[in-house]
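# Residue-level structural notes
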Amino acid sequence: MPGLLLGDEFPNFEADTTIGRIKFHDFLGSSWGILFSHPKDFTPVCTTELARASKVSDEFKKRGVKMIALSIDSVEDHRNWSKDVMAFNNEADSPLPFPIIADDKRQLSVQLGMLDPDERDKDGMPLTARCVFVIGPDKKMKLSILYPATTGRNFDELLRVIDSLQLTAQKKVATPVDWKPGQKVMVIPSLSDAEADALFPNGVTTKEVPSGKKYLRYTQP
């Protein structure tokens, strides 16, 4: 991804969308944000993804996360495709609950490193890969995931990751493998035992290991 790393400020781009022209930072306001790209409108996997994103949009809203999609077609195509997406959900009378960016000139796709060199349209132009960017309230990139065009994303996992990002932004903890909200978390190694005891009133437990090192410290957030 050229020039964009975790912790970098996300570009404050301007773009045409299904809700009009936006400036990205103004669109986000003080919220978290998730931007997910799609190879092309009126395609099967993308339609299932947008439909699933629509189904769980209230879960993102509960977490204070603004959703926005991107595809390389026009605003008009996006609006027509959105009707198919909602019909797929058996909600034909409801609007898609988030906007779609029109990147028909592929300018954003190039800027953000989203083009998939192996997937091309009928004219031989590269399609966008399935990128996910999570942006914090400070407008910095907190997470990026890149899927090939042939693999659909798991939106339950994206919600789980956002839960982890939001928790670890507030507390000096890390979430272990397969963690889910409500489960124990791990105390970060930079905290001393005394600091950990002071910070976590629910207590800290340590898993004993053969090395004798006390680095597997758990607490209930």
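These numbers were taken from a predicted model, which means no experiment stands behind them. (Residues numbered from 1 in each chain as written. Predicted model: local features only at pLDDT ≥ 70, side-chain atom pairs only at ≥ 80, totals over all residues. Heavy atoms only, no water.)

With that settled, the discussion passes to the UniProt feature "active site" (unreviewed entry) in the chain. In this numbering, the UniProt entry assigns the feature "active site" (unreviewed entry) to Cys46. Tracing the chain through its elements places Cys46 in helix H2 (residues 44–55). Cys46 sits in the buried class, given a relative accessible area of 1%. Among residues more than four places away in sequence, those in contact with Cys46 are His38, Pro39, Lys40, Trp81 and Arg130. (UniProt positions renumbered as here; feature names shortened; annotations may be inferred. Helix = DSSP H or I, 4+ residues; strand = E, 2+ residues; numbered from the N terminus. Buried < 20%, exposed > 50% of the residue type's maximum accessible area, 1.4 Å probe, protein only. Contact = heavy atoms within 4.5 Å.)

What follows deals with the environment of Thr151. Structurally, Thr151 can be placed in the loop between strand E9 (141–147) and helix H6 (155–170). With relative accessibility at 34%, the residue Thr151 sits in the partly exposed group. Taking the C-alpha atoms as reference points, Thr151 and Val45, separated by 106 residues in sequence, lie 7.9 Å from one another.

Before going further, it helps to spend a moment on the packing of aromatic side chains. For the structure on display, the rule yields 6 aromatic pairs. With centroids separated by 5.5 Å and ring planes inclined at 70°, the aromatic side chains of Phe36 and Phe98 adopt a geometry described as edge-to-face. A residue pair is termed long-range when its members are at least 10 positions apart, and Phe36 in strand E3 (residues 32–38) and Phe98 in the loop between helix H4 (75–88) and strand E5 (100–102) qualify at 62 residues. What makes Phe36 buried here is its relative accessible area of 0%. An aromatic cluster of at least three residues, connected via ring pairs, comprises Phe10, Phe13, Phe24, Phe27 and Phe133. When the ring centre of Phe27 is taken as reference, the NZ or CZ atom of Lys66 above it lies at 5.4 Å. (Phe/Tyr/Trp six-rings, centres within 6.5 Å; stacked < 30°, edge-to-face > 60°. Lys NZ or Arg CZ within 6 Å of the ring centre and 35° of its normal.)

This part is about H2. Structurally, the α-helix is built with 3.6 residues per turn, so residues lying three or four positions apart point the same way. Spanning 12 residues, H2 covers 17 Å between terminal C-alpha atoms, matching the ideal 16 Å at 1.5 Å per step. Among all positions of H2, only Cys46, Thr47, Glu49, Leu50, Ala51, Ala53 and Ser54 are buried. (Expected span 1.5 Å × (residues − 1).)

A word on the pairing of strand E2 (residues 20–23). Side-chain direction in a regular strand flips from residue to residue, so the side chains alternate between the two faces of the sheet. With 4 bridges joining them, strand E1 (residues 14–17) and E2 adopt antiparallel strand pairing. Bridging from a neighbouring strand, Thr17 pairs with Gly20 of E2. The antiparallel hairpin formed by E1 and E2 contains 2 residues in its connecting segment. (Pairing = 2+ DSSP bridges.)

The tally for this structure, following the rule as stated, stands at 13 salt bridges. For Asp156, the salt bridge goes to Arg52, with nearest N and O atoms at 2.8 Å. Taken together, the positions of Asp156 in helix H6 and Arg52 in helix H2 put the pair 104 residues apart, joining distant regions of the chain. On the basis of relative accessibility, which here comes to 34%, the residue Arg52 falls in the partly exposed class. Arg63 is the salt-bridge partner of Glu59, the closest N and O atoms lying 2.9 Å from each other. What emerges from the salt-bridge pattern is a single network uniting Glu59, Lys62, Arg63 and Asp163. (Salt bridge = Lys/Arg side-chain N within 4 Å of Asp/Glu carboxyl O.)

Moving on, we get to the nonpolar core. Counting 28 residues, the largest nonpolar core has Ile34, Phe36, Leu50, Phe60 and Phe98 as its most contacted members. Contributions of two or more residues to this core are made by E3, H2, strand E4 (65–71), H4, strand E8 (130–135), E9 and H6. The dominant element in this core, judged by the number of residues it contributes, is H6, at 6 residues. Residues Phe13, Leu70, Leu108 and Ala129 belong to the second largest nonpolar core, which totals 20 residues. (Core = buried A, V, L, I, M, F, W, Y, C linked by side-chain atoms within 4.5 Å.)

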